[in-house]
Amino acid sequence: MGTIPGVRIGVLTGGGDAPGLNAAIRAVARCGLREGRHTILGVRNGWAGMLGGEVVELTFDRVAGILPRGGTVLGTSRTNPFAPTVSDGLGSVRATIAEHTMEALIAIGGEDTLGVARRLCEEGIPVVGVPKTIDNDLGGTDVTIGFNTATQIAADAIDRLHTTAESHNRVMVVEVMGRHAGWIATHAGIAGGGDAILIPERPFDIEQVCAHLRRRHERGRTFSIVVAAEGATPTEGTLQTLDGKGTDAFGHVRLGGIGVVLEREIEQRTGFETRMTILGHVQRGGTPTAFDRVLATRLGVAAMGAVLAGRFGVMVGARGGAIVEVNLAEALREPKLLDPGLYETAELFFG
C-alpha cells in the first residue's frame, strides 16, 4: 500500500446474513488499520445505518476474535434507500458520509445491496462491492461468501434425513434456499445423495416426480429424498402452490412453502408416507467453513486494495481461483443461474 495517506473508509453488510461476513469485515479492518494509516468506520444495520447515521469506528480490538463467528457484528437489514417509502434516501446517505467524513464505502452484500451500491456510484459516491449471498446467484464471481457453508449445512441435513427416511420407509422432502437459482439444492443434493432435485431453472411436473418415486419403490427402494429449492415452481397449470407472504423493500416476494405443497401432493398421489423439512434460516447461521473464511478474507483485502487505488464502481470477485474486479453493472446484469451441465450430472443419480 506504499505511502498512501490515511483515508476514512466505511464498511457495511446488507441483506440476509451469511457465514463469512465477519471474516470479510475483519479483513477490511485489519488491512486498513495496518501501520495505523487509515480509519475504518463500521456502519450498523446495512443501508438503514447509512440512512440513520449509525456508525462506529472499527479498531483492532473490535474485530478481534470475530473470524469464526457467524452472522455479522455490524448487523444487517433489507432497507432500500431508494424505495418509494423512503424520504430523500440519497440525501440521508450523503449526510452520513459528510458527518463522518467518509471518503469511500465498501458494501458487502447480494443483488439488492450491490444494486444500491451501483446507484450510489452513479450519483458520484465512491463505493466498492463485495459479493455475499448463500444463493450464489451473483454474476461476475464463481462463488459468493456464505454459499459453501450453506451447502455444507444442507448436505449434513440430508445425510441425517436419510436414516429416518429409510427407517420409516418414507419420502422426505427437504426445502432449501434458492430464490432464482438452484445452486444450493443441486450441490447439496449431489453431496447428500438426493433422489430428485427441483430447482427454479427447471419447472417440474408433479406427476413426473411422483412417477419417478413410484419406479424407485417398484425396484425395492422403499424411501426417497427430494431436495427442492424454495424458488422451485411447477409447470404452468399443473399444480397450485401457496400464495406469497408479502414483499420486502426491494419488491421480492417472500418465498417458502414449496416443501409443504410437495409433502401433501406426493403423499396424496402416491400413497407413500411423506414428510417435509424446511431448513430455512439454519442455512445462514453458525460457524463458517474454512473455505468461506478464506474467500471472505481474500475479498475483503481486495476491496481495500480497490479503494486505496481509487477504483470505484467495481465488485471484487473470485474467478478461476484468482481475485478479480468487475464492473458493478456487469455483475448485476442478470442472475447467475445453475450450470445446466451440473444438473445433468445430478440427474445421472436420480433413482
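Before any of the text, the structure's been laid out above.
These numbers were taken from a predicted model, which means no experiment stands behind them.

> Would you mind showing me how to read the overall build of the protein here?
Of regular secondary structure, the protein possesses twelve helices and eleven strands. The C-alpha radius of gyration of the protein comes to 22 Å, within 12% of the 20 Å expected for a compact globule of 351 residues. In terms of its C-alpha atoms, the protein occupies a principal-axis envelope of roughly 70 × 40 × 30 Å. Out of the 351 residues belonging to the protein, those deemed buried represent 52%. Contacts spanning at least 24 positions in sequence make up 75% of the contacts within the protein whose residues lie at least 6 apart. Total accessible area on the protein stands at roughly 14,600 Å², and carbon and sulfur atoms take up 49% of it.

> Would you mind going over the sheet that holds strand β6 (residues 171-176) with me for this structure?
An order of β7-β8-β6-β9 is seen for the four strands of this open sheet, with the pairing classed as parallel. In the strand order of this sheet, the two ends are held by β7 (196-198) and β9 (274-278), each with one partner. Strand-to-strand twist in this sheet, taken as the mean axis angle between neighbours without regard to direction, amounts to 20 degrees. Along the sheet face, helix α6 (residues 147-168) touches β6, β8 (224-229) and β9 and points at about 165 degrees away from the line of β6.

> Please clarify how the packing of aromatic side chains should be interpreted in this entry.
The description of an aromatic ring pair uses the distance of the two centres, along with the angle that the planes make with each other. For the structure shown, the criterion picks out one aromatic pair. A cation over a ring is seen here: arginine 119 above phenylalanine 82, with NZ or CZ 3.9 Å from the ring centre. Its end group placed over the ring of tryptophan 183, lysine 336 keeps NZ or CZ at 5.3 Å from the ring centre.

> When you look at the sheet that holds strand β2 (residues 39-43) in this model, what are you seeing that I'm missing?
Sheets are built from strands that pair by backbone hydrogen bonding, the pairs being arranged parallel or antiparallel. Pairing is mixed in the open sheet, where seven strands are placed in the order β3-β2-β1-β4-β5-β10-β11. With partners counted over all chains shown, the strands left at the sheet margins are β3 (55-58) and β11 (322-327), one partner each. Shown here is a sheet whose adjacent strand axes are inclined to one another by a mean of 30 degrees, direction ignored. Sheet topology places β2 next to β3; four bridges connect them, and they run antiparallel. Residue pairing across strands places leucine 41 opposite glutamate 57, the latter belonging to β3.

> Teacher, can you tell me more about unusual backbone geometry here?
Peptide bonds are, in most cases, trans, and in most cases residues other than glycine have a negative phi. In the Ramachandran plot, threonine 101 falls in the positive-phi region, its phi being about 45 degrees despite a non-glycine side chain. Notably, asparagine 169 is not glycine yet its phi reads approximately 55 degrees, a positive angle.

> Just checking my understanding: could you explain the nonpolar core for this structure?
Soluble globular proteins: nonpolar side chains tend toward being buried together. Ile40 and Ile106 are the most contacted members of the largest nonpolar core, which totals 64 residues. Considering every element that reaches this core, the biggest residue donor is helix α10 (residues 290-308), with nine residues. Apart from residues lying up to four places away in sequence, isoleucine 40 is in contact with Ile9, Val11, Val28, Ala29, Gly32, Leu33, Val56, Glu57, Leu58 and Met304. Counting residues in hydrophobic clusters, the runner-up holds 22 residues, among them Val43, Met50, Ala117 and Leu120.

> Help me understand the pattern of salt bridges, please; the structure alone is not making it clear to me.
Pairing between side chains of opposite charge can happen when the charged atoms of each approach one another. Under the counting rule described, the total for this entry stands at 13 salt bridges. Here arginine 94 makes a salt bridge to glutamate 123, at a shortest N to O gap of 4.0 Å. In this pair, arginine 94 sits in helix α4 (residues 89-99) while glutamate 123 sits in the loop between α5 (111-122) and β5 (127-131), placing the two residues 29 residues apart along the sequence. Note on glutamate 123: relative accessible area 40%, which makes it partly exposed. The salt bridge partner of glutamate 265 is arginine 269, with a shortest N-O separation of 2.8 Å. Here arginine 269 and glutamate 265 lie together in helix α9 (residues 258-270), a separation of four residues that amounts to about one turn. On the basis of relative accessibility, which here comes to 29%, the residue arginine 269 falls in the partly exposed class.

> How should I be thinking about the pairing of β8 in this particular structure?
Taken residue by residue, a regular strand's side chains alternate between the two faces of the sheet. Most of β8 is tucked away: six of the six residues are buried. Residues Ser224, Val226 and Ala228 of β8 are buried on one face, and the alternating residues Ile225, Val227 and Ala229, pointing to the opposite face, are buried as well. In the sheet, β6 pairs with β8 via six bridges, with the strands oriented parallel. Directly across from methionine 172, in β8, lies its bridge partner isoleucine 225. Taken together, the three bridges between β7 and β8 define a ladder with parallel strand orientation. Bridging from a neighbouring strand, alanine 196 pairs with valine 226 of β8.

> Looking at this structure, how should I read the side chain of arginine 216?
Here arginine 216 is to be found in helix α8 (residues 206-218). Filtering out sequence-adjacent residues up to four positions away, arginine 216 remains in contact with Asp195, Arg221, Phe223, Ser224 and Gly351.

Conventions and cut-offs
Residues numbered from 1 in each chain as written. Predicted model: local features only at pLDDT ≥ 70, side-chain atom pairs only at ≥ 80, totals over all residues. Heavy atoms only, no water. Helix = DSSP H or I, 4+ residues; strand = E, 2+ residues; numbered from the N terminus. Rg over C-alpha atoms; globule rule 2.2 N^0.38 Å. Buried < 20%, exposed > 50% of the residue type's maximum accessible area, 1.4 Å probe, protein only. Contact = heavy atoms within 4.5 Å. Areas by Shrake-Rupley, 256 points an atom, 1.4 Å probe, with all protein chains shown as cover. Pairing = 2+ DSSP bridges. Axes fitted to C-alpha atoms, helices over the stretch in contact; angles between N-to-C directions. Phe/Tyr/Trp six-rings, centres within 6.5 Å; stacked < 30°, edge-to-face > 60°. Lys NZ or Arg CZ within 6 Å of the ring centre and 35° of its normal. Core = buried A, V, L, I, M, F, W, Y, C linked by side-chain atoms within 4.5 Å. Salt bridge = Lys/Arg side-chain N within 4 Å of Asp/Glu carboxyl O.

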